[in-house]
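Each chain is listed here by its residues.
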Amino acid sequence: MNKTKVALVRCDTYEEDKVLKAVQTGLDLLGGVSIFAKRHERIVMKPNVLVGTNPENCVTTHPVVFKAVGRLLMEAGASVYYGDSPSFGKCEFSVRRAGLKRIGDELGFSLADFDAGRQVSHPDGLLVKSFVIANGVLDSDGLVSLPKFKTHPLVRFTGAVKNQFGCVPGLLKSQYHVKLPDPYDFATMLVDLNTLVKPRLCVMDGIMAMEGNGPRSGKPKKMNVLLFSSDPIAIDATACRIINLDPAVVPTSRPGEQAGLGTYHIENIEIVGDDMEQFFDETFEVIRTPPMPCTGSRLRTFVKNRICERPVINKAKCTNCGTCVRMCPVEPKAVDWHTGDTSRQPTHRYDRCIRCYCCQEVCPEGAILLESPFLGRFFSRA
Ligand code: SF4
Ligand code: SF4
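Residues numbered from 1 in each chain as written. Chains lettered and ligands numbered in written order. Predicted model: local features only at pLDDT ≥ 70, side-chain atom pairs only at ≥ 80, totals over all residues. Heavy atoms only, no water.

Notes on unusual backbone geometry
Stated formally: Numbering of helices and strands runs from the N terminus, with a helix taken as a DSSP run of H or I at least four residues long and a strand as a DSSP run of E at least two residues long.
The peptide bond linking Gly214 to Pro215 adopts the cis configuration, its omega dihedral lying at 10°. Looking at where Pro215 falls in the secondary structure, it is placed in the loop between strand 10 (199-211) and strand 11 (219-229). Not every positive phi belongs to a glycine, and Asn244 is a case in point at roughly 60°. Looking at the secondary structure, you find Asn244 in the loop between helix 9 (232-242) and helix 10 (253-258).

Description of helix 4 (residues 100-107)
Threshold: Type-normalised accessible area, obtained with a 1.4 Å probe on protein chains alone, sets the label of each residue: buried when under 20%, exposed when over 50%, and partly exposed for intermediate values. The directions considered for the arc run from the helix axis to the C-beta atoms. Whether two residues are in contact is decided by their heavy atoms, any of which lying within 4.5 Å being enough.
Taken as a whole, helix 4 has its buried residues at Leu100, Lys101, Ile103 and Gly104. All buried residues of helix 4 fall inside an arc of 160° around its axis, so they share one side. The inward-facing, buried residues of helix 4 contact strand 2 (42-47), helix 2 (63-75), strand 3 (79-82) and helix 3 (91-97). One or two steps after helix 4, the chain reaches Gly108, where phi turns positive at roughly 85°.

Looking at the site of ligand 2
Counted only if it meets this: Neighbouring residues are identified by heavy atoms, a residue being near a molecule or strand if any of them is within 4 Å of it. As a working rule, the residues Ala, Val, Leu, Ile, Met, Phe, Trp, Tyr, Cys and Pro are called nonpolar, Asp, Glu, Lys and Arg charged, and the rest polar, with Gly in that last group.
Close to ligand 2 lie 13 residues, the nearest being Cys328, Cys353, Cys356, Tyr357 and Cys359. Looking at the shell around ligand 2 residue by residue, the class counts come to 11 nonpolar, 1 polar and 1 charged.

Comments concerning the domain arrangement of the chain
So the rule is basically this: Throughout, the edges of the domains are those of an automatic or database domain assignment. The term salt bridge refers to a side-chain nitrogen of Lys or Arg lying within 4 Å of a carboxyl oxygen of Asp or Glu.
Annotation of the chain at the domain level lists domain 1 (4-279) and domain 2 (298-381). A C-alpha centroid distance of 27 Å is found between domain 1 and domain 2. Summed over the shared surface of domain 1 and domain 2, the number is 1 salt bridge. A salt bridge links Arg156 to Glu309; the nearest nitrogen and oxygen atoms lie 3.4 Å apart. Here the side of domain 1 that touches domain 2 takes 3 residues from helix 7 (residues 172-179), the largest share from any one element. Looking at side-chain class alone, the side of domain 1 that touches domain 2 contains 8 nonpolar, 7 polar and 3 charged residues.

Let's talk about the packing of helix 2 against helix 4
Our working rule: What counts as an axis is a line fitted to C-alpha atoms, over the stretch in contact for a helix, and the angles between N-to-C directions run from 0 to 180 degrees. In what follows, roughly perpendicular refers to angles from 65 to 115 degrees, roughly parallel to angles under 35, roughly antiparallel to angles over 145, and oblique to any angle outside these ranges. Here a crossing is taken to be left-handed if its near helix is turned anticlockwise relative to the far helix by less than a right angle, and right-handed if that turn runs clockwise.
As a packed pair, helix 2 and helix 4 sit with axes 10 Å apart at the nearest point and diverge in direction by 25°. Of the possible angle classes, the one that applies to helix 2 and helix 4 is roughly parallel. Between helix 2 and helix 4 lies a crossing whose hand is right-handed. Contacts between helix 2 and helix 4 involve Pro63, Phe66, Lys67, Arg71 and Met74 from the former and Leu100, Ile103, Gly104, Glu106 and Leu107 from the latter. Across the contact of helix 2 with helix 4, the residue classes break down as 6 nonpolar, 1 polar and 3 charged.

Here is the structure:
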């Protein structure tokens, strides 16, 4: 059986010439850029933009990595497009804030339509049989995924597989949290989405990663690595191994293998390029326990409220902006001004909360932290 390749290339800076050289090396290790882009093809790059912030915050794919990949795709003769559907707001605004629009304008990459989409059936999906996909992805010949190396409370690690969630336009994304509140169902949906949009190539920006309270409010962490693969499961599994996170804990791994998207088993992965050991960091802050299946029966809901990490507002940081309230996808809202007094900070109602962590993801102040209830701490130690 052919092993799936993941290329690792050391890069300890965002200096343009060094990143370009590292990206060229990574693509050469996989057989060269021409495998992923042909002359006259329309290739769309999908960086992780989330809501668009300064690249130094390590929330978004760094513009220099985006530039290097786009440049090589162009040199292969492709027409290069790019975009992402952010958590809220328009694509153009978010890519501008993330420093990507300036690069796109400079090099002639075109902004693709990620604000609207079309329904596409997916009969082979394990769980989800149709999706609305952004027009910019549907109108392309191929998708190149540019994830950021980050933590995520729901799926533990957000890399290549989760990055494709931004191919679903606008607020439709939050509806998946409501329809699929169980993290394992949500992860299977992400796998289905990937088998539908089929990224040709994933290039993960792990030069500076994010640990702790990701995907928006964690701490930058220097990891000095760029990862390359056509297999989104294998590239995520390799990043997980680097930070001593068992890939089997990440809920996209098993359905990803079941769906034929890729493999997370080390014996089926060939690491090429730099030795993986040199990047190992066991101190990287990430939740290393598997997510709890969270929904279903009343008993499960009871158990969930005593075990799953819950979002908690740090009152000292909260500016009462209301973003968390607007983005909470459940009705009635699980985070709200429950007293009706909007001059005071919102609070959580955990009996309504499905633990999707959208509020934590969008809080612009990093004021929402995750707290393990007593039983959750007990079981994670067990
Ligand atoms: S999004 Fe953050 S800062 Fe804004 S109200 Fe919610 S907790 Fe406070
Ligand atoms: S309160 Fe936060 S974690 Fe709970 S359902 Fe609302 S957005 Fe999701």
